[in-house]
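Architecture at a glance
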Amino acid sequence: MTQKSEKTSSGDSMDHVSLFDPVSDQSFDLPLLTGTEGPRVIDVRHLYRDTGYFTYDPGYTSTGSCQSEITFIDGEQGILRHRGYAIEDLAAHSNYLGVCYLLLYGELPNAKQKEAFVQDITHHTLLHEQLTFFFRGFRRDAHPMAIMCGVVGALSAFYHDSTDINDPDQRRLATHQLIAKMPTIAAMAYKYSIGQPFVYPRNDLDFAANFLHMTFSLPAEEYKVSPVMARAIDRIFILHADHEQNASTSTVRIAGSSGANPFACIAAGIASLWGPAHGGANEAVLKMLGEIGSKDRIPEFIARAKDDKDPFRLMGFGHRVYKNYDPRAAVLRESCHEVLDELGIENEPLLELAMELEQIALNDEYFIQRKLFPNVDFYSGITLKALGFPTSLFTVLFAVARTVGWVAQWKEMIKDPEQKIGRPRQLYVGSTPRPYVPLHKRS
Ligand code: SDX
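Residues numbered from 1 in each chain as written. Predicted model: local features only at pLDDT ≥ 70, side-chain atom pairs only at ≥ 80, totals over all residues. Heavy atoms only, no water.

1. A closer look at the overall build of the chain
The helix and strand tally for the chain stands at 18 helices and 7 strands. Computed over the C-alpha atoms, the radius of gyration of the chain is 24 Å, within 12% of the 22 Å expected from 2.2 N^0.38 for a compact globule of 443 residues. Of all 443 residues assigned to the chain, the portion counted as buried reaches 47%. Long-range contacts, defined as pairs at least 24 residues apart, comprise 68% of the intrachain contacts of the chain with a sequence gap of at least 6. Just so you have it, the chain exposes about 22600 Å², and 53% of that area is on carbon and sulfur atoms. Charge-centre separation for the chain: the mean point of 44 positive side chains lies 6 Å from the mean point of 54 negative side chains. (Helix = DSSP H or I, 4+ residues; strand = E, 2+ residues; numbered from the N terminus. Rg over C-alpha atoms; globule rule 2.2 N^0.38 Å. Buried < 20%, exposed > 50% of the residue type's maximum accessible area, 1.4 Å probe, protein only. Contact = heavy atoms within 4.5 Å. Areas by Shrake-Rupley, 256 points an atom, 1.4 Å probe, with all protein chains shown as cover. Lys, Arg positive; Asp, Glu negative; His and termini not counted. Charge placed at Lys NZ, Arg CZ, Asp CG, Glu CD.)

Now the structure itself:
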């Protein structure tokens, strides 16, 4: 493959890569596209039309599915930015609804915009009362992620005024409804699982405090929201808000590319996030730390993680894109220490174990060679446990936070003039044509 530059009619330079096909003895020029940051891409949209070839990239390790302005990740440097703002700055200086506005509308809100946005989100936190009966259909011990998939998917049966994806006002309403109602649904899923009454949202509380109130308060007594816990959960929401074209976001985009309504698309994203290789990893990290139990068993689990005959992987380690420390993990590690200190929790055994495990793995050749570092899920679970959330709710919290990323990417996809229905092709390796064999002739 060779690279060359030519001038376009407007005088811009259009770079190409040339592909030589020895079978047809032909060369094909494929345009090179350049973004504002990150690697250039080879535009293969017309490859099959012009050459008769497909590309092959299981897991899309080298494939860009869209153009996007929302999030930039540099995996080698461990950089994460939303609309140009570093995640470290947003976690330190913004709050979750400020980041939601940024992801949705491209700019940090001024005071007037922020107030109007917060007001709108606040006044969409209530659920249609009929939905409370929906929960009653689940077993009490249903996993809260199963409830989230079911209830969010059902929202389109209740909110008919925000399902027309071609109406910008309805799209905007749906994005705000989803951001606002996810915490309410998550808190109800938790309350239902422990047999406590649902707690309605309160409009006098901010986003994080309201979520804690709906999750932990009881009608029988006054519940005071801890500012430490509210700040910690708000920061966790910021760190999980969006992450480029990850598995669940790509699921939302491909579901949306068929014209499905936004509630159905987000339900698909929740289902994809649930997997332990993705958002389910935070729950899996806690389970793994529980299994390891003590520092002297760490070498046994490190050996298992390195054994390609053993399916066990070190949960919370490794990442498709980050080949450096996940910047969110670094912020979460610091936040974990702060939360434990502020809650007066000393010598938390799980944190001690996690830090020992991290040190051993980071100095092990297997992990160094494969550039496997802690990811966002490694420390989030310990923090969430310290805040009083049950392990089964960890991925639900990830889904609450990621809803803004999903809807922002969905909205961008709908407005993208280049977007078409997502329909990958394949390399067929099955049977070649063969005649039908009637039942009585089959052995
Ligand atoms: C999230 O994409 C996103 O942005 C996701 C996310 C987001 O915000 O949306 O960041 C959130 O999902 C974070 C990841 C959470 N998952 C986990 O912590 C589960 C444990 N991690 C692995 O399952 C794995 O690292 C993945 C799934 C995260 C990434 O897998 P890849 O990119 O497909 O990497 P790979 O399987 O090709 O691994 C490369 C090598 C392999 O070894 P070799 O075959 O080369 O010998 O590294 C090994 C893997 O076996 N490896 C691990 C490992 N992760 C990769 N070995 C042991 N333990 C691990 N955790």
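2. Regarding the site of the ligand
Neighbouring residues of the ligand: 23 residues in total, closest H243, G316, H319, R328 and R402. Separating a nitrogen atom of the ligand from a backbone N or O atom of L314 is a distance of 2.8 Å. The separation between a nitrogen atom of the ligand and a polar main-chain atom of F317 is 2.8 Å. Contact with the protein chains removes 75% of the 1100 Å² of surface that the ligand exposes when unbound. Classifying every residue of the shell around the ligand gives 10 nonpolar, 7 polar and 6 charged. (Near = heavy atom within 4 Å. Polar contact = N/O pair within 3.5 Å; in protein donor to acceptor, adjacent residues only side chain to side chain. Nonpolar A, V, L, I, M, F, W, Y, C, P; charged D, E, K, R; others polar.)

3. Thoughts on the nonpolar core
Of all hydrophobic cores here, the largest spans 116 residues; its most connected members are F135, I270, L314 and F389. Among the elements that line this core, the one with the most residues is helix 18 (residues 394-415), at 13 residues. (Core = buried A, V, L, I, M, F, W, Y, C linked by side-chain atoms within 4.5 Å.)

4. Observations regarding the packing of aromatic side chains
On inspection of all chains with the given rule, the structure shows 19 aromatic pairs. Seen from their ring centres, Y159 and F263 are 6.2 Å apart, and the 35 degrees between their planes marks the pair as tilted. A residue pair is termed long-range when its members are at least 10 positions apart, and Y159 in the loop between helix 6 (144-154) and helix 7 (168-193) and F263 in helix 11 (residues 262-273) qualify at 104 residues. An aromatic cluster of at least three residues, connected via ring pairs, comprises Y96, Y190, F207, F211, F216, F237 and F389. Above the plane of the ring of Y192 lies R140, whose end atom (NZ or CZ) is 4.1 Å from the centre. (Phe/Tyr/Trp six-rings, centres within 6.5 Å; stacked < 30°, edge-to-face > 60°. Lys NZ or Arg CZ within 6 Å of the ring centre and 35° of its normal.)

5. A word on the packing of helix 17 (residues 376-386) against helix 18
Running from amino to carboxyl end, helix 17 crosses helix 18 at an angle of 110 degrees, the nearest separation of the two axes being 10 Å. Relative to helix 18, the element helix 17 lies roughly perpendicular. Side by side, helix 17 and helix 18 meet where D377, G381, L384 and K385 of the first sit next to F394, L397 and F398 of the second. A breakdown of the residues in the contact of helix 17 with helix 18 according to their chemical character gives 4 nonpolar, 1 polar and 2 charged. (Axes fitted to C-alpha atoms, helices over the stretch in contact; angles between N-to-C directions. Parallel < 35°, antiparallel > 145°, perpendicular 65-115°, else oblique.)

6. Structural notes on the pattern of salt bridges
The full count for this structure, using the stated rule, is 17 salt bridges. For E418, the salt bridge is made with R45, and the minimal N-O distance between the two is 3.0 Å. Residue E418 is found in the segment after helix 18, and its partner R45 is found in the loop between strand 4 (41-42) and helix 1 (47-51); the two are separated by 373 residues along the sequence. A relative accessible area of 49% means that R45 is categorised as partly exposed. Among the salt bridges present, the one from R139 reaches D141, with a minimum N-O distance of 2.6 Å. Grouping residues by exposure puts R139 and D141 together as exposed. (Salt bridge = Lys/Arg side-chain N within 4 Å of Asp/Glu carboxyl O.)

7. Here's the deal with the packing of helix 7 against helix 18
Orientation of helix 7 relative to helix 18, taken along the N-to-C sense of each, is 170 degrees, at an axis distance of 9 Å. The orientation of helix 7 with respect to helix 18, classified from their angle, is roughly antiparallel. Residue-level contacts link R171, T175, L178, I179, M182, P183 and A186 of helix 7 to V396, A399, V400, T403, V404, V407, W410, K411, I414 and K415 of helix 18. Each residue belonging to the contact of helix 7 with helix 18 can be placed in one class, and the counts come to 12 nonpolar, 2 polar and 3 charged.

8. Description of the side chain of T395
Note that T395 resides in helix 18. A polar contact of 3.2 Å, which involves the side chain of T395, links it to the backbone oxygen of G279.

9. Observations concerning the environment of K224
Examined against the element boundaries, K224 turns out to sit in the loop between helix 8 (207-216) and helix 9 (227-239). Separated by 11 residues in the primary sequence, K224 and H213 place their C-alpha atoms 8.0 Å from one another.

10. Regarding the pairing of strand 5 (residues 71-74)
Pairing between strand 5 and strand 6 (residues 79-82): 4 bridges, direction antiparallel. Bridge pairing in strand 6 links F72 to R81. (Pairing = 2+ DSSP bridges.)

11. Observations regarding helix 14 (residues 327-342)
With 16 residues, helix 14 ought to run about 22 Å at 1.5 Å a step, and its terminal C-alpha atoms sit 23 Å apart, in line with that. Within the span of helix 14, buried status applies to P327, R328, A329, V331, L332, S335, C336, V339 and L340. Where the residues of helix 14 are buried, they touch strand 6, helix 2 (87-93), helix 9, helix 15 (349-362), helix 17 and helix 18. Backbone geometry just downstream of helix 14 places G344 in the positive-phi region, at approximately 70 degrees. (Expected span 1.5 Å × (residues − 1).)

12. Re the sheet that holds strand 7 (residues 85-86)
In space, the 3 strands of this open sheet follow the order 5-6-7, with antiparallel pairing throughout. The open sheet is flanked by strand 5 and strand 7, the only strands paired with a single partner.

13. Considering unusual backbone geometry
Positioned with a positive phi, E244 is a non-glycine residue whose angle comes to about 60 degrees. Within the fold, E244 resides in the loop between helix 9 and helix 10 (247-256). On the accessibility criterion, E244 (27% relative accessible area) is partly exposed. Residues other than glycine seldom take positive phi values, yet K371 does so here, at roughly 50 degrees. Following the sequence through the fold, K371 ends up in the loop between helix 16 (365-369) and helix 17.

Purely geometric numbers; function is a separate question.
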